[in-house]
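The chain contents come next:
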Amino acid sequence: MTENQTKIYKNKLVNIETYGCQMNFSDSEIVGSIMAEEGYQTIESAENADILFINTCSIRDNAEQRIRKRLKEIKRMKKDNPNLKVGILGCMAERLKQQLLDEEDVVDLIVGPDAYRDLPNLIKTVESGRRAINVLLSEEETYAEIEPVRLGSNKISAFISIMRGCENFCTYCVVPFTRGKERSRDPETILNEARDLLAKGYKEVTLLGQNVNSYSWESNATAVSFPELITLVAALSPLLRVRFATSHPKDISDELIKTIAKTPNICYAIHLPFQSGSNDVLKRMSRKYTREWYMDRIRTIKKHIPDCGLSTDIIAGFCGETEEDHKQTLSLMERVGYDYAFMFKYSERPNTIAQKKFKDDVSEEIKSRRLTEIIDLQQVLSLSANKQNIGKTFEVLVESFSKRSKEDLAGRNSQNKMVVFPKKDFNIGDYVIVKIKDCTAATLIGEAV
Ligand code: SF4
């Protein structure tokens, strides 16, 4: 529940479990808001809930297997709470539709990512003892004017969803099928959401979209691009840090890079998934850029923002990947020197273009070995990147206590690196200048100056 909302609850409780990407976490906050309008209070545990929603991810097979396992646990839980209604939301709901209702008798409700406004009607159906489903995708829905309920928030940073869907059709990816056509949200509603967060004391927002570079809004002869939108959000207050995710390498423009470089409160951190260092593999993935194009984008970023934090996504063992292709991935990692990376084995997803067109012909054993080599290299690169920060000072936005000690605080610098330092008189939410004295591969360790 947001601070200044006063709701009359009907003593009904909903718990939302969220899996997968930041977009899902943002969507769960929209669902929380729709449920609050219906008199449901969001609680943190499923134990006493009337409704349990599971917001799911389909990006890899093991993400779906995790949900199947969770449903088995919920089945046991339902013995103690037989009135509990269970709803599956998100990508797995959209991908499997009726099949999921047929296969999982514990599930009462299936709702796709564009159908959350229909939740009040669907819940009425479920409350009357029937099962319900709505998986219609929309070409317009952006939930533009819905003020999200901030779930599990540290009251310092929040996500703002600026667009939905994706039309890039990378051959391995289910997202264009589960989240539908790309559509951008009215910039005025985005700015209102950011203003509201600022008024509530938030210090950082992350603008979210599957490919933020293709954000585009046109109305009454006014057009707003992503660099313009992020500039407008950053102009709301110099005390508001602005981040964004995710950029597609084919679309990241010089204009955006220069905008970041010249705007002090847009963070110096870019997540630019390269997926593979081999042009042959990139072509089969239909990523629509080459290794050379990608390296040109990195050079441009480094030229305009020399101390920019860089992160990426990497897939090991995509269809047809040879040892030479894999070596090219390792060499690209070394050339860029990423601060961190999300690294996975290729997982074939039903009905994707890759599943229809290519053979998943790299053995599990080879995929695992290649992934290990990628992870080991990234560990070395992260440590080396962090070591270069020893002796430097950074402005850190404090997010929490350190996991290890209440005597230390933890926060991020502009480059999105976690910094830990002694608490002294500082508090969560403060901006603190910290000098870095030591590091691990994951954390910078310093002292306030
Ligand atoms: S850009 Fe490619 S990988 Fe990213 S969501 Fe769209 S289709 Fe999937």
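As a starting point, this report considers the structure included with it.

This paragraph deals with the pairing of strand β11 (residues 216-219). Bridging between β11 and strand β12 (residues 222-225) involves four bridges; their strand directions are antiparallel. When the sheet's bridge partners are listed, W217 is paired in β12 with V224. Between β11 and the antiparallel strand that follows it, β12, lie two residues; N220 among them carries a positive phi value of about 45°.

Looking now at the sheet that holds strand β18 (residues 408-412). Taking strand neighbours around the barrel as the criterion, the five strands line up as β17-β18-β19-β21-β20 in a closed arrangement whose pairing is mixed. Averaged over all neighbouring strand pairs, the angle between strand axes comes to 55°, with direction disregarded. Pairing between strand β19 (residues 418-422) and strand β21 (residues 443-448): three bridges, direction parallel. Opposite M418, over in β21, you have T443 as the bridge partner.

Here the focus is the environment of K250. Within the element layout of this structure, K250 appears in the loop between β13 (241-245) and α9 (254-262). The class of K250 is partly exposed, set by a relative accessible area of 21%. As a C-alpha pair, K250 and E64 span 186 residues in sequence and 29 Å in three-dimensional space. Ignoring any residue separated from it by four or fewer positions in sequence, one finds K250 in contact with N168, N211, R287, K288, Y289 and W293.

The subject of this paragraph is the packing of aromatic side chains. Summed over all chains, the structure comprises 11 aromatic pairs. Measuring from ring centre to ring centre gives 5.5 Å for F226 and F244, while their planes differ by 65°; the resulting arrangement is edge-to-face. You can see F226 sitting in helix α8 (residues 226-234) and its partner F244 sitting in strand β13, a full 18 residues away along the chain. An aromatic cluster of at least three residues, connected via ring pairs, comprises Y172, F318, Y346 and F358. Its end group placed over the ring of F344, R60 keeps NZ or CZ at 3.4 Å from the ring centre. We note R297 situated over the ring of W293; from NZ or CZ to the ring centre the distance is 5.5 Å.

Read across the open sheet, the three strands follow the order β7-β10-β13; overall the sheet is parallel. Of all strands in the sheet, those bounded by a partner on one side alone are β7 (157-161) and β13. With direction set aside, neighbouring strand axes in the sheet form an average angle of 25°. Both strand β10 (residues 204-208) and β13 contribute to a ladder of five bridges, which runs parallel. In the strand pairing of β13, T206 is matched with R243.

The subject of this paragraph is the side chain of N389. Structurally, the position occupied by N389 is in the loop between α14 (364-387) and β17 (393-401). At 3.4 Å, the side chain of N389 and the backbone oxygen of A385 are in polar contact. Each residue touching N389, except ones within four places of it in the same chain, is listed here: F394, K417, I436 and L444.

With that settled, consider the pattern of salt bridges. Per the stated rule, a full pass over the model turns up 37 salt bridges. Measuring nitrogen to oxygen at the nearest pair gives 2.8 Å for the salt bridge that ties E323 to R369. Within this pair, whereas E323 is found in helix α12 (residues 323-336), its partner R369 is found in helix α14, the two being separated by 46 residues in sequence. Exposure remark for R369: the relative accessible area of 33% places this residue in the partly exposed category. Here K417 and D339 are joined by a salt bridge, their closest N and O atoms 2.6 Å apart.

Calculation criteria
Residues numbered from 1 in each chain as written. Predicted model: local features only at pLDDT ≥ 70, side-chain atom pairs only at ≥ 80, totals over all residues. Heavy atoms only, no water. Pairing = 2+ DSSP bridges. Helix = DSSP H or I, 4+ residues; strand = E, 2+ residues; numbered from the N terminus. Axes fitted to C-alpha atoms, helices over the stretch in contact; angles between N-to-C directions. Buried < 20%, exposed > 50% of the residue type's maximum accessible area, 1.4 Å probe, protein only. Contact = heavy atoms within 4.5 Å. Phe/Tyr/Trp six-rings, centres within 6.5 Å; stacked < 30°, edge-to-face > 60°. Lys NZ or Arg CZ within 6 Å of the ring centre and 35° of its normal. Polar contact = N/O pair within 3.5 Å; in protein donor to acceptor, adjacent residues only side chain to side chain. Salt bridge = Lys/Arg side-chain N within 4 Å of Asp/Glu carboxyl O.

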